[in-house]
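This is what each chain is made of:
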Amino acid sequence: MSEKNIKTDYIKKTEEEKVNVWKIRLSAAKQYMEENFKSNAERYCKFFKGEHWGRLSKLGPSKDLIVINYVYSIIKSIIPQTYYQDPYFNVTATHPKWQQAEQLIENVINYKWRELRIKQTIRRIHLDQLIMGFGAGKLGYSFVTEKDYSKPNLDMGLDYTELVKEDNAFFLRVSPFDIVFDIEAKHFSEMKWLATRFYVDYEEAKERFKGYDASNVDLPMNSNLEKIFSSNLRNSYKDKFKKVEIWEIQDLENDYFYYVTDGYDKFISKNKNLYGIGFNTKLFWVNDCPDQLYPLSDVAQIEDLNLELDKTRTQMLNHRRKIQRKILCETSAFKNREELNKFLNDEDMQLVEVKDGALTSQKIMIVQPGILPPEFYNIDRINKDDIYQVAGAGANMLASEGLVQKSATEASIIERNANIRNAERIDMMNDYCETVARGLLAILQKFDTKENSFYSQDKEAWIVYTNEDIAGDYTIEVKIGSMQRPNEGMQTEILMNVLPKFLDMIDSNGTPLLNAQEIFKNIMKKSGFADSEIKKMINTLPTSSPNETEMSKNELLEVASNMVNPTQGLPYPQVAQGVTQEEMPYADNLQGNNLNEELISRLILENQGGY
């Protein structure tokens, strides 16, 4: 045997061994997922949909089984409290030589976040996390190409040239059912590899993965098509609807992507990881469990309680149905049928005729309904209290008044305690968004080589840049509170406390530190007015100057005090208090005569207790 054949056989055997090793790992990880995650996650999803009774609901009439879906209510109330609106990212250079690009990168990241609709993706990931324990999103850069047969590629020996038609970064949700992990790890942060599953049409797979051939493999069809198509139609079009199940393995140790599929003993593709951001599949979880790979689901903690509540309500309803009023009478008790009809003119009355003498000395007897045992109501109330406490929620967080009306102090205590429980989710969500934003910036810096442009509403100008303009190393942080729903009433109240002192401040030249028009613009934006409407109103206001300070201040305070609560339609009360001593040092951060929006935001958040 020649040296060439020995080398070829050795390389081939080595690749086959590697593929087999990865397939064994995948098989073990899939089995671990089936046993420790899949069945539970599917049941939690049914709870979210209100299918609490499982197979029991198919055995009898649905009207006999009651569902009070607190799982749905609590989860739908948590998501907007954690991620209500797009975050605003602050960017800081890690070295002075990149400092000039800070503002540009800040604008690019915040623009890309909206352009790629990452908010919608993360809200779906957050829903996965609440129901199933974790969610996942995949960062990357995609190229859409087209073939130009008028320009053969002689260097590659092809009769066409492949051109890039469209390219952009992406961030997509990955179903938790389509991802498996390194099961030797005891925590997500300790994993050396993970794998995600996707499906590709057979013809597309042959085109995309050169050399791949599965003509001898019995490939499945799309599961939905399997259910709809008859066997004859399926056989006629089998080749057109074949699906190839492909696992993309990201090996963090060797920094490679491997692609494997059943029925093929080679890697259908193997690529060096060029992203440089660790796992490009970013995981979001909140509830760690010691020495357990999979985190805990929020639904798992209230599943039994909600089912017990459903059983109690169902028992109460069925008990009520069985204690309706009934009437017993002897056949000769009434003089004639007409008199009987008069007696039975109420629809909820029913006549039960008995034999003569069955009622002894009484000719007619009305059977009164029994009283529903009060223990039912006590158990029902205890179940709901347990659900609220375990979930870290309350009636006020579910936009409900609850069974008992609470005082303002009690409501404030409940909301404060709920915010403490919710603070962990908010903190974890902030960290996750920062991780995604840093990965997004790294991808844009490396792959987005074309010239880009977008219109900035704040600067009222077009911003043009290339990846060279955003080069460098930066820290990215979510602006505190930017993702949460603003408390308009609290913000207005604090604004009224802060502004009277700040509007009197002047610099060494006697120029006011704050610009009344900018403050007016900020207030009207928070009130929901469009930029075009604000511009028209600003044109009617005087500009801020040393001689007009008092007039601008009065106008501003009048506008702020007349702000209307969009929910209740009532004006906010004006609070005549000055700035506290703790707030005064922040005035040093004001430059020129423009409103420092970061300062006002910090003051508002600190007066609210922050997050």
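Residues numbered from 1 in each chain as written. Predicted model: local features only at pLDDT ≥ 70, side-chain atom pairs only at ≥ 80, totals over all residues. Heavy atoms only, no water.

Student: Got a sec to walk through the overall build of the protein? Specific residues and values, please.
Tutor: Across its full length, the protein carries 16 helices and 15 strands. Relative to its full complement of 611 residues, the protein shows a buried share of 39%. Counting contacts in the protein only where the partners sit at least 6 residues apart, residues at least 24 apart contribute 71% of the total. Surface summary for the protein: the accessible area is close to 35600 Å², and the carbon and sulfur share equals 49%. (Helix = DSSP H or I, 4+ residues; strand = E, 2+ residues; numbered from the N terminus. Buried < 20%, exposed > 50% of the residue type's maximum accessible area, 1.4 Å probe, protein only. Contact = heavy atoms within 4.5 Å. Areas by Shrake-Rupley, 256 points an atom, 1.4 Å probe, with all protein chains shown as cover.)

Student: Now, about the pattern of salt bridges: what can you tell me, with residues and values included?
Tutor: Per the counting criterion, the structure on display carries 13 salt bridges. The residue Lys-450 makes a salt bridge to Asp-167 at a minimum N-O spacing of 3.7 Å. A residue pair is termed long-range when its members are at least 10 positions apart, and Lys-450 in the loop between helix H11 (408–447) and strand E13 (452–456) and Asp-167 in strand E3 (residues 161–174) qualify at 283 residues. The class for Lys-450 is partly exposed, based on a relative accessible area of 30%. Here the salt bridges do not stand alone but share partners, grouping Asp-167, Asp-448 and Lys-450 into one network. (Salt bridge = Lys/Arg side-chain N within 4 Å of Asp/Glu carboxyl O.)

Student: Can you explain the side chain of Asp-251? Please cite residues and give values.
Tutor: Looking at the secondary structure, you find Asp-251 in strand E6 (residues 243–251). Among buried charged residues, Asp-251 stands out as having no salt bridge; its nearest opposite-charge side chain is Arg-25, 5.7 Å away. Polar side-chain contacts of Asp-251 include one of 3.1 Å to the backbone nitrogen of Glu-253. Residue contacts for Asp-251: discarding those within four places in its chain leaves Trp-22, Lys-192, Trp-193, Tyr-256 and Tyr-258. (Lys, Arg positive; Asp, Glu negative; His and termini not counted. Polar contact = N/O pair within 3.5 Å; in protein donor to acceptor, adjacent residues only side chain to side chain.)

Student: An account of the sheet that holds strand E8 (residues 269–272) is requested, with residue identities and associated values reported.
Tutor: Within the open sheet, the five strands sit side by side as E4-E5-E6-E7-E8. Their pairing is antiparallel. Of all strands in the sheet, those with a lone pairing partner are strand E4 (179–181) and E8, marking the two edges. Along the sheet, successive strands turn relative to each other by an average axial angle of 20°, direction set aside. Pairing of strand E7 (residues 256–260) with E8 involves four bridges; the strand directions are antiparallel. Of the residues in E8, the one forming a bridge with Tyr-258 is Lys-270. (Pairing = 2+ DSSP bridges. Axes fitted to C-alpha atoms, helices over the stretch in contact; angles between N-to-C directions.)

Student: Tell me about the nonpolar core, and please be specific about residues and values.
Tutor: Trp-113, Ile-122 and Cys-433 are the most contacted members of the largest nonpolar core, which totals 52 residues. Per element, the largest residue contribution to this core is 10 residues, and it comes from H11. Cys-433 has contacts with Tyr-83, Phe-89, Trp-113, Ile-122, Val-478 and Met-483, leaving out every residue within four places of it along the chain. Within the second largest apolar cluster, 48 residues are counted, among which are Val-19, Ile-131, Phe-134 and Val-180. (Core = buried A, V, L, I, M, F, W, Y, C linked by side-chain atoms within 4.5 Å.)

Student: Account for the environment of Arg-421, naming residues and giving values.
Tutor: In this structure, Arg-421 sits in helix H11. Measuring from C-alpha to C-alpha, the distance between Arg-421 and Ala-391 comes to 9.0 Å, with 30 residues separating the pair along the chain.

Student: Help me get a handle on helix H3 (residues 102–115), residues and values and all.
Tutor: With 14 residues, H3 should reach 20 Å at 1.5 Å per residue; the first-to-last C-alpha distance of 20 Å fits that figure. Where burial is concerned, most of H3 is hidden: 10 out of the 14 residues are buried. If you check which residues of H3 are buried, you get Glu-102, Leu-104, Ile-105, Glu-106, Asn-107, Val-108, Ile-109, Asn-110, Lys-112 and Trp-113. Taken from the residues just after H3, Arg-117 is the one with a positive phi, measuring 55°. (Expected span 1.5 Å × (residues − 1).)

Student: Account for the pairing of strand E14 (residues 461–465), with residues named and values stated.
Tutor: As defined by bridge partners, E13 adjoins E14 across five bridges and the pair is classed as antiparallel. Among the inter-strand pairings, Ser-453 is bridged to a residue of E14, identified as Val-464. Hairpin geometry of E13 and E14 is characterised by an intervening segment of four residues between the two adjacent antiparallel strands and by a positive phi of about 55° at Glu-460.

Student: How would you sum up the confidence of the model for the protein? Please name residues and give values.
Tutor: Of the residues in the protein, 62% have a pLDDT of 70 or more, and the chain-wide mean is 75. Note on residues 544–551: pLDDT is under 50 here. Beyond four places in sequence and across chains, it has 15 contacts. (pLDDT = per-residue confidence, 0-100.)

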